[in-house]
Amino acid sequence: MEGIRDSSVNMKIISDPKEHCFYGYYDLQPYDSTGKKHLAHRVGFIDRLPTIDDVCELGYIDVDTGVFYKLSETTAWNFQQGSLLQWYKDDDHIVYNVRVGDGFGTQIKNIKTGETRTLPLAAANISMDGKRAVCVNMSRIYDFRPGYGYSDKPDPYYNVNAPADDGVFLMDMETGNYKQIISYDKLIKQFPEEPFTSRKLVINHITFNPSGTRFLFLLRNFMDEEFKMWKTQLLTSDLEGNTTLITDYCLNSHYHWKNDDQILIVTSHPKKDGMDLVLLDDFTAKRVEFYDRPELHKDIHCLYSPNRRYISGDGYPDEDSCRKLWLLDTKTNELRLLLRAYSYAPSIVDIRCDLHARWDRSGSKISFDSNHIGSRCICEIDLSNEIEY
């Protein structure tokens, strides 16, 4: 049966239930500084992968009225991360990915004046100060996991396992100038590990630390007919491409920087089987914290609250097709089940609707995406009377 189950919180749907709206990934900020505007993607279908011809409307939802205000549109989007739409520096600007010529770029728009500026590469992640972006090959990601890349542009290195001319690019968000700072070829020479590094590789996720001085990325191997599994190296780097191996190939998944030096991540490192939620130290990979709770020995989208006291975590459907949203108080070690949301099973795994729970800027509210009513919608939980923020 559809719906929200076992809810212990004040929850409401903030988008129009008759439309398909979603925000996207869990580690981006959808709220403006007032908490009244929530960025959103609005689409006309949810039953297939998007193509180059499918337009996604970009805008914000008035949290009080539920009205969607269109600001722009794009054809560079997917169902897991959208167009990586986010606020840029202030409440007057947004940034998102678009198609540019036969490739992908980044567009910055002043939503008051309508003025736009387009940069030559699609940003995979933007530093919190808005000065820099790290960029990766979105076509290669699409071949690996269509839910995270953009369609209809062939990867020029499709037949190359570890190309020298592809990897991580650092782009100046003011000028659009960019340079390659990491190559796949360099990575396999610097950190060889068979049988993974003899296979086709992809950088699937990449994120700056809070100050924008370093970033982490997940290096994964493609599966093939002989090797029907993929594992992940966790690496960090400075802005010159000096790269540190944090873990070898194992089960590394969702993560969040707690601060400039520590990474919260769902990983099997170093035990090699099963998954744990741990806090790792950059450079040394030593465990700073280990959250040894049976409910968290699973893959979850883990995210610190702004004050870093709480960790929200939402996972994949359980046996009755419900997704759970947890709240861990790291001060008291109390783990609370906020809700279970029924999740309609997709025909294609890459169009699934993960909750991707996200904190607002104050740390008093959480928004999440859901399809428990049949359409894709954006929901909001008010925790202002229940937690310290």
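Remember, it's a predicted structure, so these values are computed and weren't measured experimentally.

Caption draft 1: Spotlight on the pairing of strand β22 (residues 287-291). Looking at chain direction, strand β21 (residues 276-281) and β22 are connected through four bridges and run antiparallel. Within β22, the position partnered with Val278 by the bridge is Phe290. Between the end of β21 and the start of β22, which pair antiparallel, lie five residues, with Phe283 showing a positive phi angle near 80 degrees.

Caption draft 2: Broad picture of the sheet that holds strand β2 (residues 10-13). Here we have four strands laid out as an open sheet, ordered β2-β29-β28-β27, and antiparallel in their pairing. Two strands close off the open sheet at either side, each with one partner strand: β2 and β27 (358-359).

Caption draft 3: Layout of the pattern of salt bridges. This model, assessed by the stated rule, comprises 25 salt bridges. The salt bridge involving Asp16 is made with Lys18; its shortest N-O contact spans 3.2 Å. Residue classification places Asp16 among the partly exposed residues on the basis of a relative accessible area of 21%. By relative accessible area, which is 73% here, Lys18 ends up exposed. Put simply, Arg199 and Asp224 hold a salt bridge, and the shortest N to O gap is 3.1 Å.

Caption draft 4: Focus on the nonpolar core. With 80 residues, the main nonpolar core has Val168, Phe215 and Leu383 as its most contacted residues. At five residues, the largest contribution of residues to this core is made by strand β15 (residues 201-208). Contact partners of Val168, with chain neighbours within four places excluded, come to Val134, Cys135, Val136, Lys179, Gln180, Ile181, Ile182, Ile203, Ile206 and Phe215. With 14 residues, the next largest nonpolar core counts Leu264, Leu279, Tyr291 and Leu328 among its residues.

Caption draft 5: Up close: unusual backbone geometry. The amide bond that connects Glu194 to the next residue, Pro195, takes the cis arrangement and shows omega of 5 degrees. Mapped onto the elements of the fold, Pro195 is located in the loop between α2 (184-190) and β15. Of note in the backbone geometry, Asp152 takes a positive phi value of approximately 65 degrees without being a glycine. With respect to the element layout, Asp152 can be found in the loop between α1 (138-144) and β13 (167-172). Classification of Asp152 as partly exposed rests on a relative accessible area of 48%. In this model, Asn333 sits at a positive phi of 70 degrees, which is unusual for a non-glycine residue. Here Asn333 lies in the loop between β25 (322-329) and β26 (334-342). For Asn333, a relative accessible area of 43% translates into the label partly exposed.

Caption draft 6: Focus on the sheet that holds strand β5 (residues 56-62). With respect to topology, four strands assemble into an open sheet ordered β3-β4-β5-β6, the strand pairing being antiparallel. Of all strands in the sheet, those with a lone pairing partner are β3 (20-22) and β6 (68-74), marking the two edges. Within the sheet, the average angular offset between the axes of one strand and its neighbour, ignoring direction, is 35 degrees. Bridging between β5 and β6 involves six bridges; their strand directions are antiparallel. Across the sheet, residue Glu57 finds its bridge partner in β6, namely Glu73.

Caption draft 7: Layout of the state of the cysteines. Under the defined criterion, the tally for this structure stands at zero disulfides. For the unlinked cysteine Cys21, the closest cysteine sulfur is that of Cys377, found at 9.0 Å. Its relative accessible area of 0% is what places Cys21 among the buried residues.

Caption draft 8: Molecular detail of the packing of aromatic side chains. For the structure on display, the rule yields 18 aromatic pairs. Each ring, one from Phe45 and one from Phe79, has its centre 6.0 Å from the other, and the planes form 85 degrees; the classification is edge-to-face. Here Phe79 lies in the loop between β6 and β7 (86-88) and Phe45 lies in the loop between β4 (37-43) and β5, a separation of 34 residues in the sequence. For the pair Phe45 and Phe79, a shared accessibility class is recorded, and that class is buried. Pairing Phe215 with Phe217 gives two aromatic rings, centres 6.1 Å apart and planes at 40 degrees, and the pair type is tilted.

Caption draft 9: Geometry of the environment of Val349. Structurally, Val349 can be placed in the loop between β26 and β27. C-alpha of Val349 to C-alpha of Ser139: the two residues are 210 residues apart in sequence and 18 Å apart in space.

Caption draft 10: Molecular detail of the side chain of Ser375. Counting through the fold element by element, Ser375 comes out in the loop between β28 (365-370) and β29 (377-382). Looking at Ser375, the relative accessible area reads 7%, which means it is buried. A polar contact of 2.7 Å, which involves the side chain of Ser375, links it to the backbone oxygen of Pro17. Those residues in contact with Ser375 that sit more than four places away from it in its chain are Pro17, Glu19, His20, Ile46 and Ser370.

Calculation criteria
Residues numbered from 1 in each chain as written. Predicted model: local features only at pLDDT ≥ 70, side-chain atom pairs only at ≥ 80, totals over all residues. Heavy atoms only, no water. Pairing = 2+ DSSP bridges. Helix = DSSP H or I, 4+ residues; strand = E, 2+ residues; numbered from the N terminus. Salt bridge = Lys/Arg side-chain N within 4 Å of Asp/Glu carboxyl O. Buried < 20%, exposed > 50% of the residue type's maximum accessible area, 1.4 Å probe, protein only. Core = buried A, V, L, I, M, F, W, Y, C linked by side-chain atoms within 4.5 Å. Contact = heavy atoms within 4.5 Å. Axes fitted to C-alpha atoms, helices over the stretch in contact; angles between N-to-C directions. Disulfide = S-S within 2.5 Å. Phe/Tyr/Trp six-rings, centres within 6.5 Å; stacked < 30°, edge-to-face > 60°. Polar contact = N/O pair within 3.5 Å; in protein donor to acceptor, adjacent residues only side chain to side chain.

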